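Secondary and tertiary structure notes
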Amino acid sequence: MITAFAIFSDGLVYAAYLFLVAVGLTLIFGVMKILNVTHGSFYAFGAYGAATAVGIWFDRGLSDAGGFLFMVGVAMLIGLVIGLILERGILRLVYGRDEVVIVLVTYAAFLILEDVIVLVWGPRSYPAYQPMVSAGSIDIGELTLSNYDIGLVVLAAALAVAVWWSLKYTRYGRLLTVVIFDREVAAAYGINVKVIYTVTFIIGAMLGALGGAVMAPKISVTLGIGVEVIVLAFAVVAIGGMGSIEGALIGALIVGLGRAAAVHLMPEIELFVIYAVMALVLAFRPYGLFTQPAPRKI
Amino acid sequence: MKHLRWSLALAAGLTLASGASAQQAAAPAAPVKLGIVSFLSGPAASPFGVPGRNGAEIVIEAFNSGKAPAPYNTVGLGGAKIEIKWVDEAGSTAQVVTEFRNLVQRDQVDAVVGYISSGSCLAVTPVADELKALTVYFDCGTPRVFEEKPREYVFRPSSHATKDNTAAARYLIAKKKDITLFSGINQNYAWGQDSWKDFNAAMGVLAPKAKADKVLFPKLFQGEFGAEISTLLTSKSQALHSSFWDGDQESFIIQSGARGLQKRMPYVGTTAESAIWRLRDKMPDGTIIGARGAHGPLAPDNALNTWFKGIYMDRYGTPPTYPSYQMALSLLGLKVAWEKAQAAKGGGKPTTDEVVKAFKGIEYDSPSGKVKMALGNGHQGIQDTAYGTYRFNKRTNQPEVVDIVRYPAECVNPPSDKSAEEWIKAGMPGAKC
Amino acid sequence: MLTRANLFGALVFVAVAISALFLPPWLVSLATIAFANALVVLGLVILWRTGLVPFGQALFYAIGAYAVALIGRYTPIRDVFVVVLAGAVAAGVVAYVIGFLLARYREIFFAMLSLAMSMILYGILVKSEALGSTDGFHVEAGSFLGWRPQGALRNLALFWLVLGFCAIAAWVVGVYFRSVAGSMAIPMRDNEIRVEFLGLSVDRLVHLKLVISGVLAGIGGALAALAVQHVDPQMAYWTTSGGFVFVTVLAGAGSVAAAFVGSLAFELVRSIAVALLPGAWQLILGSALLLTILFLPEGLGSLYSRLRRKPAAPKEQPGGPS
């Protein structure tokens with residue numbers, strides 16, 4: 001019983017983490033059809049920015065709740081700036097090129113940004129644990145759960161609802177949906193696809209940075225955290241269906257619960273459970289769980 | 001030197017680019033070129049690569065200015081100043097081997113000092129022997145380097161990983177005599193798997209009644225350990241063994257600290273020392289601290305240690321962690337061997353073969369105590385080691401390691417004729433404690 | 001025209017083979033690995049011409065390498081020709097089997113599924129403690145039909161071996177590109193249904209391409225294992241696959257020769273970057289890639305055709321409306 005509960009709660013926490021990491025990636029893919037490797041850099045910059053912000057805030061002895069908001073704010077600001085620079089400075093030049101070429105452009109940008117991190121922050125790690133520690137914990141039976149983890153689950157759920165709501169009920173969201181559905185028709189109806197692209201990429205970058213920021217207090221922010229996140233996010237997004245927000249949510253839940261079950265019940269398979277799930281899902285649903293296959297054009 | 005024209009141009013361009021032309025710089029004695037390989041990027045840079053690099057930088061500066069304490073106060077290596085060629089260890093094994101060849105064949109270094117990943121060491125070893133290039137490993141831990149085959153040009157003064165785990169088992173049992181249940185969490189790659197294997201086997205020998213409960217191997221650099229912590233919370237283990245390092249170690253301690261895991265079972269960290277200066281009061285009191293040897297706060301109180309800690313603090317503002325110590329003792333070993341070879345031939349630059357001959361089996365002092373090149377036919381060093389218990393001193397606001405127990409080298413290392421695994425399985429015969 | 005191209009290719013290979021005698025040994029070693037990797041890139045070029053880009057080609061590369069390493073560990077067979085062919089066969093068989101699944105996928109889904117496959121192999125290799133887990137293990141030095149060269153001579157012999165395989169592969173792939181199955185690549189990328197109307201099965205054509213590229217990657221991995229004398233699971237990791245895709249785009253899909261030039265250029269740029277700026281070589285590498293994509297849209301291979309003032313072939317199809 002306690003194990004079942006533990007699998008459920010651990011799975012939710014991990015799923016929240018995966019969703020926060022994957023949502024920006026799937027949004028950019030859905031709108032722009034770009035598999036964005038730079039997403040790992042957004043995550044890393046968010047985490048580094050957050051760690052720096054936490055350092056500044058708590059050194060002054062300011063209040064805990066404000067520290068969390070300050071940390072998230074700084075990280076998202078960094079995401080905004082980098083997203084803008086990348087989209088306007090580089091991506092704009094390669095729109096219309098082969099999809100793979102664009103993936104490679106983001107990969108090149110990722111390599112460059114990895115070294116920019118070293119140049120800015122140096123090759124040392126940054127702890128930012130204050131928000132996690134000050135959040136405290138609660139006991140449920142034998143288990144002790146961290147309030148910060150519970151907060152993450154709530155945040156992820158809120159973010160999922162917010163994204164879904166804005167896609168459905170805001171003007172910009174509806175425009176996005178049109179572009180996702182058919183970019184040429186959208187352009188033909190006079191939607192300014194260029195602006196939509198820029199805004200979407202920046203939002204995606206800010207979401208990536210947000211993922212890094214909220215994870216920063218749990219981890220030690222160090223070089224190479226971006227690389228780890230990229231494949232994980234790719235896997236989640238591929239399972240759920242590239243470009244689908246519901247897909248990212250369901251993908252995150254499947255992977256999160258699957259991994260938690262593996263750790264508790266069969267630790268030896270934990271290492272490749274994510275990829276096994278991905279291969280299985282793709283074998284039966286080639287386009288992921290939540291996307292329709294594109295019509296074949298004659 | 002009959003090169004085709006274009007190849008000549010290419011090669012010349014590369015040599016120029018790599019700064020090899022600086023070789024001709026006039027000096028009293030031609031400088032000695034050292035290639036130093038360490039992680040300068042990637043996740044291993046901050047915990048190992050950069051402390052190792054920093055250690056090399058200040059020790060070589062001290063050598064070159066002749067300011068290291070006696071008996072290391074000669075200039076450079078036997079009077080010749082040292083020139084450094086830095087190389088990043090990050091990349092695939094093929095790249096690591098290619099860069100090693102470049103150092104030896106293109107840059108013509110006199111010796112290579114470096115390597116953190118055990119995979120790099122295993123791959124470079126046969127190439128070093130093939131090229132007859134003097135190579136000194138400073139950090140990689142796998143015992144396989146000298147156990148698989150006798151080696152000629154490869155040396156490792158810092159001891160391998162076996163002693164970390166046998167000593168951890170001894171310390172844990174001394175602290176908790178009635179231990180019946182323990183768990184382990186180690187990264188799912190060779191280092192983590194080997195560490196757990198050695199620790200578990202040593203526990204089997206020293207405390208046959210104690211059983212391993214949860215044996216967890218999360219992915220390397222996983223960062224999120226919620227499920228692992230829940231699993232451990234449901235266990236009645238009295239101790240948790242871990243060979244986690246840097247990012248994973250700090251993430252795990254923060255996350256498990258927030259969920260009160262260490263109140264139930266203390267953390268036995270074979271590399272925990274590298275985390276104490278950053279985690280400070282977030283590292284729970286009672287954590288059992290290892291430093292892959294008697295390094296850092298576990299180092300003995302001697303003049304070399306005081307000197308090394310001093311120059312490191314002055315330059316970098318934090319105390320040196322164990323990779324810095326390992327780099328320092330590797331360079332000291334190279335210096336001792338080099339100067340011994342030079343003395344044997346009555347001055348002048350010794351050849352690689354002369355240094356290799358002189359290196360075998362030497363004993364010398366280092367900031368972390370005496371190093372004896374006792375294993376692997378005189379190529380592998382052993383050292384005393386130590387474990388301690390963590391306490392954050394609220395009064396001085398500084399981390400402390402107390403209850404330090406020292407283990408002689410012969411207590412926690414296998415004898416020269418047995419592999420580490422066989423020796424532990426056989427019940428650690430001949431261990432002098 | 002065809003024979004002239006072949007003759008020219010043969011001359012270049014002979015010239016490169018002879019020049020190895022006069023090159024510094026480190027450059028020969030670097031070129032050995034570069035050309036072994038070029039075989040993987042050649043396989044990727046075949047797929048890319050159809051619009052397919054696998055992010056898991058390291059799967060076959062690792063299988064070829066591990067086949068060689070395992071034969072050296074568990075059998076007395078040492079002949080390099082036998083072990084490399086064994087690596088090729090092993091990779092080919094795996095490519096054939098998973099091809100039944102993979103050949104049904106296109107675009108990013110093809111990329112992701114092949115990524116999943118290679119990551120599963122990576123997971124299994126990391127779990128195999130008997131094989132050294134992530135540390136990997138040593139690959140026995142091979143013999144060349146009974147001849148066992150040592151030291152520098154061995155490196156030269158290996159270089160020529162790699163070059164020999166490259167020559168054969170380049171010729172075979174050249175023939176394939178001109179065959180019916182091979183020349184369908186661009187039509188398939190543009191519109192699969194039209195190709196099917198010609199009476200050809202697209203899935204089968206893709207399956208064939210997968211097997212060819214798998215075999216090439218297997219040979220590349222086998223040769224790399226012999227050259228490095230060490231194998232480890234990193235060879236199956238996605239960053240290795242990413243590296244191959246990187247070189248493929250750098251080289252361009254224009255010609256067979258581009259794969260070799262691109263691979264050599266990549267290794268040289270990386271090596272120089274590491275030597276110049278040990279702390280920021282990724283920045284140089286990334287910038288080089290970015291500049292290539294921006295200013296040489298068809299890859300390094302197009303430089304040659306540009307110099308000859310001819311449009312590069314095949315023409316890149318814009319990814320926009322179709």
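In this report, the structure presented in the accompanying data block is examined. (Residues numbered from 1 in each chain as written. Chains lettered and ligands numbered in written order. Predicted model: local features only at pLDDT ≥ 70, side-chain atom pairs only at ≥ 80, totals over all residues. Heavy atoms only, no water.)

Another aspect to go through is the overall build of chain C. Check the secondary structure of chain C and you find 14 helices and 2 strands. Its C-alpha atoms give chain C a radius of gyration of 19 Å, within 12% of the compact-globule value 20 Å for 322 residues. Taking the principal axes of the C-alpha coordinates as reference, chain C spans close to 55 × 45 × 40 Å. Expressed as a percentage of the 322 residues in chain C, the buried residues total 60%. The contacts of chain C with a sequence gap of at least 6 include a subset with a gap of at least 24, amounting to 79%. Placing the 20 positive and 13 negative side-chain charges of chain C at their respective mean positions leaves the two points 9 Å apart. (Helix = DSSP H or I, 4+ residues; strand = E, 2+ residues; numbered from the N terminus. Rg over C-alpha atoms; globule rule 2.2 N^0.38 Å. Buried < 20%, exposed > 50% of the residue type's maximum accessible area, 1.4 Å probe, protein only. Contact = heavy atoms within 4.5 Å. Lys, Arg positive; Asp, Glu negative; His and termini not counted. Charge placed at Lys NZ, Arg CZ, Asp CG, Glu CD.)

Take empty space enclosed by the protein next. A full pass over the atoms with the stated rule returns 12 cavities of 30 Å³ or more. Forming the walls of the largest cavity are 24 residues, and the residues nearest its centre are Ile225 and Glu228 of chain A together with Phe221, Gln222 and Gly223 of chain B. If you list the elements that add at least two residues to the lining of the largest cavity, you get α1 (2–32) and α10 (225–240) of chain A together with α9 (246–258) of chain B. Residues that form the lining of the largest cavity fall into these classes: 12 nonpolar, 7 polar and 5 charged. By volume, the second largest cavity is sized at about 150 Å³. (1 Å grid on protein atoms, 1.4 Å probe; cavity = no way out; pocket = protein on both sides within 12 Å on 5 of 7 lines; lining within 4 Å. Points joined across faces, edges and corners; volume = space filled by probe spheres on them. Nonpolar A, V, L, I, M, F, W, Y, C, P; charged D, E, K, R; others polar.)

Looking along a regular strand, one sees side chains alternate from face to face of the sheet. All names here are of chain B. Burial runs high along strand β6 (residues 181–185): 4 of the 5 residues are buried. Two strands pair when backbone bridges link them, and β6 and strand β7 (residues 211–216) are joined in this way by 4 bridges, in the parallel orientation. Of the residues in β7, the one forming a bridge with Ile185 is Leu216. As judged from the 2 bridges shared by β6 and strand β8 (residues 240–242), these two strands associate in the parallel manner. The partner of Gly184 across the bridge, within β8, is His241. (Pairing = 2+ DSSP bridges.)

Moving on to the pattern of salt bridges. Per the stated rule, a full pass over the model turns up 27 salt bridges over all chains. A salt bridge links Asp149 of chain A to Lys218 of chain A; the shortest N-O distance between them is 2.7 Å. One end of the pair, Asp149 of chain A, is in helix α6 (residues 147–169); the other, Lys218 of chain A, is in the loop between α9 (193–215) and β4 (220–221), with 69 residues separating them in the sequence. The burial state of Asp149 of chain A is the same as that of Lys218 of chain A; both residues are buried. One connected set of salt bridges, linked through shared partners, spans Arg53, Glu57, Glu61 and Arg315 of chain B. (Salt bridge = Lys/Arg side-chain N within 4 Å of Asp/Glu carboxyl O.)

Further remarks concern helix α7 (residues 190–206) of chain B. Taking 1.5 Å per residue as the helical rise, α7 of chain B with its 17 residues ought to reach 24 Å, and the 24 Å between its terminal C-alpha atoms agrees with that figure. Among all positions in α7 of chain B, only Ala190, Trp191, Gly192, Gln193, Ser195, Trp196, Asp198, Phe199, Ala202 and Met203 of chain B are buried. (Expected span 1.5 Å × (residues − 1).)

This part covers the sheet that holds strand β3 (residues 111–114) of chain B. Residues and elements named next belong to chain B. Here we have 5 strands laid out as an open sheet, ordered β2-β1-β3-β4-β5, and parallel in their pairing. Of all strands in the sheet, those with a lone pairing partner are β2 (82–88) and β5 (154–155), marking the two edges. As paired strands, strand β4 (residues 135–137) and β5 are joined by 2 bridges and run parallel to one another. Bridge pairing in β5 places Thr135 opposite Val154.

Attention now goes to the sheet that holds strand β13 (residues 380–382) of chain B. All names here are of chain B. Pairing in this open sheet of 3 strands is antiparallel, and the strands run β11-β12-β13 from one edge to the other. Unpaired on one side and paired on the other, β11 (363–366) and β13 mark the two borders of the sheet. Averaged over neighbouring strand pairs, the angle between their axes works out to 40 degrees when direction is ignored. Where β11 meets strand β12 (residues 369–375), 4 bridges bridge the pair, whose relative direction is antiparallel. By the bridge assignment for β12, Tyr364 is matched with Val371. Here helix α13 (residues 322–344) sits on the sheet and contacts β11 and β12; the angle it forms with β11, its principal contact strand, is near 140 degrees. (Axes fitted to C-alpha atoms, helices over the stretch in contact; angles between N-to-C directions.)

Before going further, it helps to spend a moment on the interface of chain A and chain B. Note: interface size is frequently given as the accessible area lost on complex formation between the parts. Taken residue by residue, the interface counts 36 residues in chain A and 38 residues in chain B. For the pair chain A and chain B, the summed buried surface comes to about 3100 Å²; carbon and sulfur atoms form 57% of the total. Here chain A is connected to chain B by 3 salt bridges. The partner of Glu224 of chain B in a salt bridge is Lys218 of chain A, and the shortest N-O contact between them spans 2.5 Å. Joining chain A to chain B, the criterion identifies 12 residue pairs in polar contact (both at pLDDT 80 or more). Every element with two or more residues in the side of chain A that touches chain B is listed here: α1, α5 (130–135), β3 (143–146) and α11 (245–265) of chain A. (Buried area = accessible area lost by both parts, 1.4 Å probe. Polar contact = N/O pair within 3.5 Å; in protein donor to acceptor, adjacent residues only side chain to side chain.)

With that out of the way, let us pick up the packing of aromatic side chains. Within the structure shown, the criterion is met by 40 aromatic pairs over all chains. Look at Phe308 of chain B and Tyr325 of chain B: their rings are 5.2 Å apart centre to centre, the planes differ by 70 degrees, and that puts the pair in the edge-to-face class. Residue Phe308 of chain B is located in helix α12 (residues 303–316), and its partner Tyr325 of chain B is located in helix α13; the two are separated by 17 residues in the primary sequence. Of the two residues, Phe308 of chain B and Tyr325 of chain B, both sit in the buried class. Between Phe13 of chain C and Phe260 of chain C, the aromatic rings sit 6.1 Å apart at their centres with planes inclined by 85 degrees, giving edge-to-face as the arrangement. One end of the pair, Phe13 of chain C, is in helix α1 (residues 2–19); the other, Phe260 of chain C, is in helix α12 (residues 256–276), and 247 residues separate them in sequence. These aromatic residues form a ring-pair network of at least three members: Trp307, Phe308, Tyr312, Tyr316 and Tyr325 of chain B. Above the plane of the ring of Phe177 of chain C lies Arg49 of chain C, whose end atom (NZ or CZ) is 3.8 Å from the centre. (Phe/Tyr/Trp six-rings, centres within 6.5 Å; stacked < 30°, edge-to-face > 60°. Lys NZ or Arg CZ within 6 Å of the ring centre and 35° of its normal.)

Residues and elements named next belong to chain B. Counted by the stated rule, this structure contains 2 disulfides over all chains. Covalently, Cys121 is tied to Cys140 through a disulfide, its sulfur atoms 2.1 Å apart. Classification of the bridge connecting Cys121 and Cys140 rests on its S-S torsion, roughly -100 degrees, and on that basis the disulfide is left-handed. Remark: Cys140 occurs in the loop between β4 and α5 (144–147) and Cys121 occurs in helix α4 (residues 118–131); sequence separation between them is 19 residues. (Disulfide = S-S within 2.5 Å.)

A few words now on the side chain of His160 of chain B. As for its placement among the helices and strands, His160 of chain B is situated in the loop between β5 and α6 (162–175). Here His160 of chain B falls in the buried class, since its relative accessible area comes to 4%.

This part is about the interface of chain A and chain C. With 44 residues of chain A at the interface, the matching set in chain C holds 50 residues. In this structure, the connection of chain A to chain C is made through 0 salt bridges. One can count 3 residue pairs in polar contact (both at pLDDT 80 or more) joining chain A with chain C. Looking at the side of chain A that touches chain C, the elements that each hand over two or more residues are α4 (99–121), α10 and α12 (273–284) of chain A. Top contributing element to the side of chain A that touches chain C by residue count: α4 of chain A, with 13 residues. Residues that form the side of chain A that touches chain C fall into these classes: 33 nonpolar, 1 polar and 10 charged.

Residue and element names in this part refer to chain A. At their nearest, the axes of helix α7 (residues 171–181) and α9 sit 11 Å apart, and the two run at 105 degrees to each other. With respect to their mutual orientation, α7 and α9 come out roughly perpendicular. Facing α7, whose interface residues are Tyr172, Leu175, Leu176 and Val179, α9 presents Val193, Ile196, Tyr197, Val199, Thr200 and Ile203. Of the residues belonging to the contact of α7 with α9, the class tally is 9 nonpolar, 1 polar and no charged. (Parallel < 35°, antiparallel > 145°, perpendicular 65-115°, else oblique.)

The subject of this paragraph is the pairing of β2 of chain B. All names here are of chain B. Judged by how many residues are buried, β2 sits mostly within the fold: 5 of 7 residues are covered. Where strand β1 (residues 32–38) lies against β2, 7 bridges are found, and the strand directions are parallel. Among the inter-strand pairings, Val37 is bridged to a residue of β2, identified as Val87. Where the polypeptide runs from β1 across helix α2 (residues 45–65) and back to β2, its parallel neighbour, the crossover connection is right-handed. (Right-handed = clockwise from strand over helix to strand, strands pointing away.)

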